[in-house]
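# Fold and geometry: a report
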Amino acid sequence: MPKVLIVNTVPTGLNGITKAIKSVVEHIDRANLQIDYVSICNIPSKFEREINDLFNCVYVIERNRHPVKYYNRLKALIKNNKYDVVHAHGNSHTLAIEMRAAKAGGCKLRIAHGQNSSCRHAFIHKVLAGIFAKSYNYGIACSYAAGNFLFGALPHAVIHNGIDIDKYKFSAETRVNVRESLNISEQDIVLGNVARLVPEKNNLFLIDVIERLIKIDSRYRLLLIGDGIERAAIENAIAKKNLSQNVLLLGTVDSLRYLSAFDVYVMPSIFEGLPIALIEAQASGLNCIVSDKISDECNVTDSMKFLPIDDVDVWVQEVLKIDISNRATRARKYADIICNSDFDIFHNAQCFYNIYKGIDI
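All values reported here derive from a predicted model rather than from experimental measurement. (Residues numbered from 1 in each chain as written. Predicted model: local features only at pLDDT ≥ 70, side-chain atom pairs only at ≥ 80, totals over all residues. Heavy atoms only, no water.)

### Some remarks on the state of the cysteines
- All chains considered together, the criterion is met by zero disulfides.
- No disulfide involves Cys298; its sulfur sits 7.9 Å from the nearest other cysteine sulfur, which is in Cys288.
- Cys351 carries a free sulfur, and the closest cysteine sulfur to it, the one in Cys142, is 14 Å from it. (Disulfide = S-S within 2.5 Å.)

In structure tokens, the structure reads:
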């Protein structure tokens, strides 16, 4: 039975990489695999039980403040447990740390999995390129753009992150219940976004968009799901523009129920890999308006509008044109399209199962 160690190089929580890892492990045939997990920080209590249920063993090894200690502890863990596979998910060539530790620990299959098409630390990314190239022996990216960013011309495969379509299907009953709980009427028009509140997600741009929209039609609302370092700045912008009745910050809640309450999904990110949230939004029958910095690979249902993020008025005019009627019909159509694509989680999990089981133990 192959022994697999999955390493999450971002904090375990409500983010795309954690969600992608959990989705695969939930749907893979765990009876024939031992899958362990490394978190680079303490796991928030709201996720602890779920993480512990998914994996055979869970380890916490702090990464960012003590990279040398992290490397040594990770190498020792890999060596002592004799892992056949180390599968590390990340955003840049800092994945060299995990791949070097895996190589030094005697791991046969070292998978570097790129989940973004850019990163915050461009200089470090460039410096580590050579070390990274010599340390992994199986490259995976969530999109072609992410693959080009992390691997360039180096060998790699593209495996899109998948979702369980049934979980994200539109529910009229859930829509009513969620809206009532938030004091939002059925006549209100709700824009929604699920993302960390960090600069690269560009949520302050949405505050400008909603400010202009409500001057045209007071029924517009904006729901932001997620948390992060920009929360205070967003709260200040909401207060300064007197938008407290129109913008709700919901924090780190499960987005499943809220998608049915949205009318339009908006994502003005400065950079992304291939955001799984956009696949989820489409499965729920939502039309999406997104940044032109995002790969068009995510436009599975041909329902997206890609717009520049330097012009608020362009976004306002596009929102005003969106047809929000026939949601249930659209949701069924979009779900069928995604189910027959390689964004289906069952297809996705089988890909990883085949990779893990293909090891010559």
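### Thoughts on the sheet that holds strand E10 (residues 247-251)
- The strand order E10-E9-E8-E11-E12-E13 describes an open sheet built from six strands, whose pairing is parallel. Taken across any chain shown, the strands that pair with only one partner, and hence form the sheet edges, are E10 and strand E13 (304-307). Between one strand axis and the next, the sheet turns through 20° on average, direction left out of account.
- When strand E8 (residues 189-194) meets strand E9 (residues 220-225), the two strands line up parallel, connected through six bridges. Bridging from a neighbouring strand, Asn193 pairs with Leu224 of E9. (Pairing = 2+ DSSP bridges. Helix = DSSP H or I, 4+ residues; strand = E, 2+ residues; numbered from the N terminus. Axes fitted to C-alpha atoms, helices over the stretch in contact; angles between N-to-C directions.)

### Quick notes on the pairing of strand E6 (residues 138-141)
- In terms of strand pairing, strand E5 (residues 109-114) meets E6 through four bridges, oriented parallel. Each residue of the ladder has a partner; that of Gly114, found in E6, is Ala141.
- Read from E6 through helix H7 (residues 144-150) to strand E7 (residues 157-158), the crossover connection turns out right-handed. (Right-handed = clockwise from strand over helix to strand, strands pointing away.)

### Description of helix H10 (residues 231-240)
- What H10 keeps buried is the set Ile234, Ala237 and Ile238. Projected onto a plane normal to the axis of H10, the buried residues spread over an arc of 100° and lie on a single side. Exposed residues on H10 whose side chains face more than 90 degrees from its buried face are Asn236, Ala239 and Lys240.
- Tucked into the core, H10 has its buried residues touching helix H9 (203-216), E9 and E10.
- Backbone geometry just downstream of H10 places Asn242 in the positive-phi region, at approximately 55°. (Buried < 20%, exposed > 50% of the residue type's maximum accessible area, 1.4 Å probe, protein only. Arc of directions from axis to C-beta. Contact = heavy atoms within 4.5 Å.)

### So, the nonpolar core
- Formed by 59 residues in total, the largest nonpolar core has its most connected members in Leu5, Leu74, Ile78, Val86, Phe262, Tyr265 and Leu278.
- Beyond its immediate sequence surroundings of up to four residues, Tyr265 is in contact with Gly192, Asn193, Val194, Leu259, Ala277, Leu278, Ala281, Leu286, Asn287, Cys288 and Ile289.
- Among the nonpolar cores identified, the runner-up in size contains 28 residues, and Val209, Leu213, Val266 and Leu307 belong to it. (Core = buried A, V, L, I, M, F, W, Y, C linked by side-chain atoms within 4.5 Å.)

### Describing the packing of H9 against H10
- Put simply, H9 and H10 touch, their axes get as near as 10 Å, and they point 10° apart. Here H10 runs roughly parallel to H9, going by the angle between their axes. Viewed along their axes, H9 and H10 form a crossing whose handedness is right-handed. Contact residues: Asn203, Leu204 and Ile207 in H9; Ala233, Ile234, Ala237 and Ile238 in H10.
- Residue classes in the contact of H9 with H10 are distributed as six nonpolar, one polar and no charged. (Parallel < 35°, antiparallel > 145°, perpendicular 65-115°, else oblique. Left-handed = near helix turned anticlockwise from the far one by under 90°. Nonpolar A, V, L, I, M, F, W, Y, C, P; charged D, E, K, R; others polar.)

### What to know about the side chain of Asn202
- With respect to the secondary-structure elements, Asn202 resides in the loop between E8 and H9.
- The buried category is assigned to Asn202, whose relative accessible area is 16%.
- Excluding residues within four positions of it along the chain, Asn202 makes contact with Pro268, Ser269, Ile270 and Ile309.

### Concerning a nonpolar patch on the surface
- A cluster of nonpolar side chains, namely Phe123, Ile124 and Val127, defines an oily patch on the protein surface of about 330 Å² accessible area.
- Along the chain, Val127 turns up in helix H5 (residues 122-127). (Patch = residues over 30% accessible without salt bridge, like charges linked within 9 Å, V, L, I, M, F, W, Y side chains within 5 Å. Areas by Shrake-Rupley, 256 points an atom, 1.4 Å probe, with all protein chains shown as cover. Salt bridge = Lys/Arg side-chain N within 4 Å of Asp/Glu carboxyl O.)

### Quick word on the environment of Ile289
- Looking at where Ile289 falls in the secondary structure, it is placed in strand E12 (residues 287-291).
- The spatial distance from the C-alpha of Ile289 to the C-alpha of Met267 is 6.5 Å, given a sequence separation of 22 residues.
- Not counting chain neighbours up to four residues away, the residues in contact with Ile289 comprise Val264, Tyr265, Val266, Met267, Lys305, Leu307, Trp315, Glu318, Val319 and Ile322.

### Observations regarding the pairing of strand E11 (residues 264-267)
- By the alternation rule, side chains of E11 split into Val264 and Val266 and Tyr265 and Met267, which are all buried.
- Summarising the sheet, E8 and E11 pair through two bridges and their orientation is parallel. Paired with Leu191 across the bridge in E11 is Val264.

### So, the sheet that holds E7
- Taken in spatial order, the seven strands of this open sheet run E3-E2-E1-E4-E5-E6-E7, and their pairing is parallel. Single-partner strands in this sheet number two, and they are strand E3 (58-60) and E7.
- Strand direction decides the pairing type here: E6 and E7, joined by two bridges, are parallel. Following the sheet pairing, Ala141 is matched in E7 by Val158.
- On the sheet, helix H4 (residues 96-104) packs against strand E1 (3-8), strand E4 (85-90) and E5 and is oriented at approximately 175° with respect to E5.

### As for the environment of Val58
- Within the secondary structure, Val58 is located in strand E3.
- Measuring from C-alpha to C-alpha, the distance between Val58 and Tyr37 comes to 4.9 Å, with 21 residues separating the pair along the chain.
- Beyond its immediate sequence surroundings of up to four residues, Val58 is in contact with Tyr37, Ile43, Ile51 and Asn52.

### So, unusual backbone geometry
- For Asn242, which is not glycine, the phi dihedral falls at a positive 55°.
- Assignment of secondary structure puts Asn242 in the loop between H10 and E10.
- Asn242 sits in the exposed class, given a relative accessible area of 64%.

On their own, these measurements won't tell you what the molecule is for.
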